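Fold and geometry: a report
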Amino acid sequence: MATETFDIGGDLTVNRLGFGAMRLCGERIIGPPEDEAAAREVARRAVDLGVDLVDTADSYGPGVSERLLGEALDLDGDDSDVVVATKAGLLRNADGDWLTHGDPDYVRNQVLASRDRLGVGTIDLYQYHRPDPDVPFEDAVATFAELKDDGFVRHVGLSNVSVDQLETAREIVEVATVQNRYNVADRDAEPVLEACEEYDVGFLPWYPLAAGDLDEVGEALDAVAAAHDATRRQVALAWLLERSEVTLPIPGTSSVEHLEENVAAADIELTGEDLARLD
């Protein structure tokens, strides 16, 4: 995979195009997939293709994505170079709702469950999934800092935060990454990305392909794709990689075919004219 690298937290070097493991779960990200063996094969194929940053969360399934990754990849083995990022702070119910839950005791419980499912002693990157309006932000972040001090996690990340929240968190713990919604058609998180650039914090744009709904910029994407014999989605990923040296796109899929297509996007070299058209 022809992609540059980024040092998460200054010491975890990863290829900048990662893999999001949310869609390894069942419908609506609830329960297991119909074919668990196929889901595990997607994860293994990602690593075979050079992907060494895999993102998941305890709420995916819940617990299903982490378990499948733990079964598919020898994450705690001596020869494992895969960096796994997981998250805590959201609850699920049978209706598929995503409910904020940043209670410190809950997070302390969840880190133990995540370590067990992943089969690791220390989680590489543990992210606060979404600020809980019922829990003081500082208290929640302090809990993640304590987990780092206790050796349960190596690095702390944030997700779905503002610039002000990032600034607040950095006064409590060294923030290694931020994961916010961002793609070529949705750039509302641009100020957060710029702050990450300033602090050399990795920026994981979730929803990097807008679930394929890129019609808002479809004409420009199609023109650039035609010039590179690529797909619209590949150009959208290539744009994210070109957008900043701190961006770490994590496109997700349950298909080996789509996975291979996504990884091939790292080989696309956009020209200045391409970037101007997309911007």
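Going by the structure above, here's the rest.
**Focus on the side chain of Asn-180**
Within the fold, Asn-180 resides in strand 10 (residues 175-181). By relative accessible area, which is 6% here, Asn-180 ends up buried. Among the polar contacts made by the side chain of Asn-180, one reaches the main-chain amide nitrogen of Asn-160 at a distance of 2.8 Å. A distance of 2.8 Å separates a polar side-chain atom of Asn-180 from the backbone oxygen of Val-161. For Asn-180, the contacting residues outside a window of four places in its chain are Ser-159, Asn-160, Val-161, Ala-189, Val-192, Phe-203, Leu-204, Pro-205 and Trp-206.

**Notes on helix 3 (residues 104-118)**
Here helix 3 spans 21 Å end to end across 15 residues, near enough to the 21 Å set by a 1.5 Å rise per residue. Considered for burial, the residues of helix 3 that qualify are Pro-104, Tyr-106, Val-107, Gln-110, Val-111, Ser-114 and Leu-118. Taken around the axis of helix 3, the buried residues stretch over an arc of 140°, which confines them to a single face. Turned more than 90 degrees away from the buried face of helix 3, the exposed residues are Asp-105 and Asp-116. Where helix 3 is buried, its residues contact helix 2 (64-72), strand 5 (83-88), strand 6 (90-92), strand 8 (123-128), helix 4 (137-149) and strand 9 (153-159). The N-terminus of helix 3 is capped by Asp-103, whose side-chain oxygen sits 3.1 Å from the backbone nitrogen of Asp-105. At the C-terminal side of helix 3, Gly-119 shows a positive phi close to 75°.

Definitions and cut-offs
- Residues numbered from 1 in each chain as written.
- Predicted model: local features only at pLDDT ≥ 70, side-chain atom pairs only at ≥ 80, totals over all residues.
- Heavy atoms only, no water.
- Helix = DSSP H or I, 4+ residues; strand = E, 2+ residues; numbered from the N terminus.
- Buried < 20%, exposed > 50% of the residue type's maximum accessible area, 1.4 Å probe, protein only.
- Polar contact = N/O pair within 3.5 Å; in protein donor to acceptor, adjacent residues only side chain to side chain.
- Contact = heavy atoms within 4.5 Å.
- Expected span 1.5 Å × (residues − 1).
- Arc of directions from axis to C-beta.

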